[in-house]
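Here is how the chains run, residue by residue.
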Amino acid sequence: YIEEIERGPKVIEGVATSTAALIGETARGTTRPKLITSYAEYLRYFGDVFDDSKYMPYAVNAFFENGGRRCYIARIVAADAAVAETGFDDYKIRAIGPGVGGNRILVRLSKGSARDSQGHQIGFRIKAYYWNRFPEDQDIFDPEADENRGRFPKPDLVEDFDDLSTSPDSANYYRKRLNNFEGDVSHPGPSGLIEISVPNNAPQPGEEDPKLLEDGTDGGGIQKNDFEGKNADPNKRK
């Protein structure tokens, strides 16, 4: 056989330097590292400026303003942080990622817009409204109610998923369109705010009053181990 032995200096190959990874605290979002390609995408999935002493939003904005193109965001949260959630009977809704930011998400569950030949609904619709900040002396309100037409502040982000189905055989199966087939909040799908869990072929919902997600907490504080993000399950490593 022939064994080739390299001699002389090894050529240094050029590699792309426009991809970065930023580790730190964000207003909300998944704790699984996520690739983003613009500051607008960061705002959708991780929220805006949320504390004068937290610099992640500024760092991400500066990265893209200075020519960056690809950036992985690794969100750090305390180990005992809790995810905000609520429910409408069989329909369970959770924020994507733990933290108090989830408590500023309002969700509305209703009948889907599409109808069959008999005029019966063939899916359900879910809308999510998110406020970056909210005055402490006010409650979060239903932005679509007639009495709130002129009320401020309006939601900073609104998501609308219509004609979702609870049938795995449907092209509009909710896990495909909203959850990206994943079963926990560490794998976000198209939604930047919520994920839902519904038994297969559950009955269609009616027109429900909107509800706030509740009980999201930031935990007792971030420690060194939270930055290391070690976990025996590779899907849960931060």
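Cut-offs and rules
- Residues numbered from 1 in each chain as written.
- Predicted model: local features only at pLDDT ≥ 70, side-chain atom pairs only at ≥ 80, totals over all residues.
- Heavy atoms only, no water.
- Helix = DSSP H or I, 4+ residues; strand = E, 2+ residues; numbered from the N terminus.
- Buried < 20%, exposed > 50% of the residue type's maximum accessible area, 1.4 Å probe, protein only.
- Contact = heavy atoms within 4.5 Å.
- Areas by Shrake-Rupley, 256 points an atom, 1.4 Å probe, with all protein chains shown as cover.
- Lys, Arg positive; Asp, Glu negative; His and termini not counted.
- Charge placed at Lys NZ, Arg CZ, Asp CG, Glu CD.
- Phe/Tyr/Trp six-rings, centres within 6.5 Å; stacked < 30°, edge-to-face > 60°.
- Lys NZ or Arg CZ within 6 Å of the ring centre and 35° of its normal.
- Arc of directions from axis to C-beta.
- Core = buried A, V, L, I, M, F, W, Y, C linked by side-chain atoms within 4.5 Å.

Visitor: Account for the overall build of the chain, with residues named and values stated.
Guide: Across its full length, the chain carries 4 helices and 10 strands. Along the chain, helices and strands appear, N-terminal first, in the series β-β-α-α-β-β-β-β-β-β-α-β-β-α. Overall, the chain is about 80 × 55 × 35 Å in size when its C-alpha atoms are taken along their principal axes. Put simply, the chain has 238 residues, and 41% of those count as buried. Counting only contacts in the chain whose residues sit at least 6 apart along the sequence, the fraction spanning at least 24 positions is 65%. Just so you have it, the chain exposes about 13,700 Å², and 46% of that area is on carbon and sulfur atoms. Taken as two groups, the 31 positive and 40 negative side-chain charges of the chain have centres that lie 4 Å from each other.

Visitor: Can you lay out the packing of aromatic side chains for me, pointing to particular residues and giving the numbers?
Guide: Counted under the stated rule, the structure contains 8 aromatic pairs. Taking the centre distance of 5.1 Å and the plane angle of 75° together, the rings of Phe63 and Phe64 count as edge-to-face. This pair shows no difference in class: Phe63 is buried, exactly as Phe64 is. Ring centres of Tyr91 and Phe124 lie 5.1 Å apart, and the angle between their planes is 75°; this geometry places the pair in the edge-to-face category. Highlighted residues: Tyr91 in strand E5 (residues 91–95) and Phe124 in strand E7 (residues 124–130), separated in sequence by 33 residues. Accessibility classification places Tyr91 together with Phe124 in one group, the buried group. These aromatic residues form a ring-pair network of at least three members: Tyr39, Tyr42 and Phe46. Of note, Lys34 hangs over the ring of Tyr45, and the distance from its end group to the ring centre comes to 4.3 Å.

Visitor: Give a description of helix H1 (residues 39–46) that names residues and reports values.
Guide: Within the span of H1, buried status applies to Tyr39, Tyr42, Tyr45 and Phe46. Buried residues of H1 fall within an arc of 125° about the axis and therefore sit on the same side. Its buried side turned inward, H1 meets strand E2 (34–36), helix H2 (56–65) and strand E3 (70–75). Positive phi appears at Gly47, one or two residues downstream of H1, with a value of about 85°.

Visitor: An account of the nonpolar core is needed here, citing residue identities and associated values.
Guide: Counting 26 residues, the largest nonpolar core has Ile105, Ile126, Ile194 and Ile196 as the members making the most contacts within it. Breaking this core down by element, the ones donating at least two residues are E5, strand E6 (105–111), E7, strand E8 (157–164) and strand E9 (194–197). Per-element accounting of this core gives the leading share, 4 residues, to E7. Those residues in contact with Ile194 that sit more than four places away from it in its chain are Ile93, Arg94, Ala95, Ile96, Ile105, Val107, Ile126, Ala128, Leu178 and Leu213.

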